[in-house]
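Working through the structure, step by step
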Amino acid sequence: MYLQSLELQGFKSFPDKIKLTFDKGLTAVVGPNGSGKSNIGDAVRWVLGEQSTKTLRGNKMEDVIFGGADSRRPMGYAEVSVTFDNRGDFARLDCPFDEVTVTRRYYRAGDSEYFINRRAVRLKDIYELFMNTGIGRDGYS
């Protein structure tokens, strides 16, 4: 399984839609303090099902939603999608798709939505998809 991309919108310090693509080899995220490097790691944990706000460096789940700035209004939701290549030697996910995109959306009202390849699923389905892969909400492996 190979990490292809991470898309964020309204998640913590990322109000605008941003897509990070990962080429084969080593990828490093660098930047000054406060630029959002840790938020990228938090986004991966969150989309894979993390429920602990303390693990995500917040007090309540609403803290994952962009809270606004002097020039920007707060967002109404946060959305993160992670895409994995599941072809050939990289196939580790027990599903028939060559490419698997997992999406999580959380609204300020408290509602959550989960998707696998744009199809609505339960959080339990995401946990089961990544079971026995070494990837999940519990770590960055």
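All values derive from a computational prediction rather than experimental measurement.

Points about the overall build of the chain
Along the chain, the regular secondary structure elements total 2 helices and 6 strands. The linear arrangement of helices and strands in the chain, starting from the amino end, is β-β-α-β-β-β-β-α. For 141 residues, the compact-globule estimate of 2.2 N^0.38 gives 14 Å, and the C-alpha radius of gyration of the chain, at 15 Å, lies within 12% of that figure. Dimensions of the chain, computed from C-alpha atoms along their principal axes, come out at roughly 50 × 30 × 25 Å. Looking at the 141 residues of the chain, the share that counts as buried comes to 42%. For the chain, the share of sequence-separated contacts (at least 6 apart) that also reach a separation of at least 24 residues comes to 55%.

A look at the pattern of salt bridges
The full count for this structure, using the stated rule, is 11 salt bridges. The residue Arg 72 makes a salt bridge to Asp 16 at a minimum N-O spacing of 2.9 Å. Of the two residues, Arg 72 is situated in the loop between helix H1 (37–47) and strand E3 (77–85) and Asp 16 in the loop between strand E1 (2–9) and strand E2 (18–21); the sequence distance between them amounts to 56 residues. The class for Asp 16 is partly exposed, based on a relative accessible area of 46%. Notably, a salt bridge pairs Arg 45 with Glu 50, separated by 3.8 Å at the nearest N-O pair. The exposure classification of Arg 45 matches that of Glu 50, with both residues buried.

Quick notes on helix H2 (residues 123–130)
Each turn of an α-helix holds 3.6 residues, which means side chains three or four residues apart point in the same direction. Along H2, the positions that sit buried rather than exposed are Leu 123, Ile 126, Leu 129 and Phe 130. Burial along H2 is one-sided: seen end-on, the buried residues are contained in an arc of 120 degrees. Considering only its buried residues, H2 is in contact with H1, E3, strand E4 (99–107), strand E5 (112–116) and strand E6 (119–121). Among the residues trailing H2, Asn 132 stands out with phi positive, at a value near 65 degrees.

Comments concerning the environment of Thr 101
By the secondary structure assignment, Thr 101 is in strand E4. Separated by 20 residues in sequence, Thr 101 and Val 121 have C-alpha atoms that sit 12 Å apart. Apart from the residues within four sequence positions on either side, Thr 101 is in contact with Ser 81, Val 82, Thr 83, Phe 115, Ile 116 and Asn 117. For Thr 101, the side chain forms a polar contact with the side chain of Thr 83, separated by 2.9 Å.

Conventions used here
Residues numbered from 1 in each chain as written. Predicted model: local features only at pLDDT ≥ 70, side-chain atom pairs only at ≥ 80, totals over all residues. Heavy atoms only, no water. Helix = DSSP H or I, 4+ residues; strand = E, 2+ residues; numbered from the N terminus. Rg over C-alpha atoms; globule rule 2.2 N^0.38 Å. Buried < 20%, exposed > 50% of the residue type's maximum accessible area, 1.4 Å probe, protein only. Contact = heavy atoms within 4.5 Å. Salt bridge = Lys/Arg side-chain N within 4 Å of Asp/Glu carboxyl O. Arc of directions from axis to C-beta. Polar contact = N/O pair within 3.5 Å; in protein donor to acceptor, adjacent residues only side chain to side chain.

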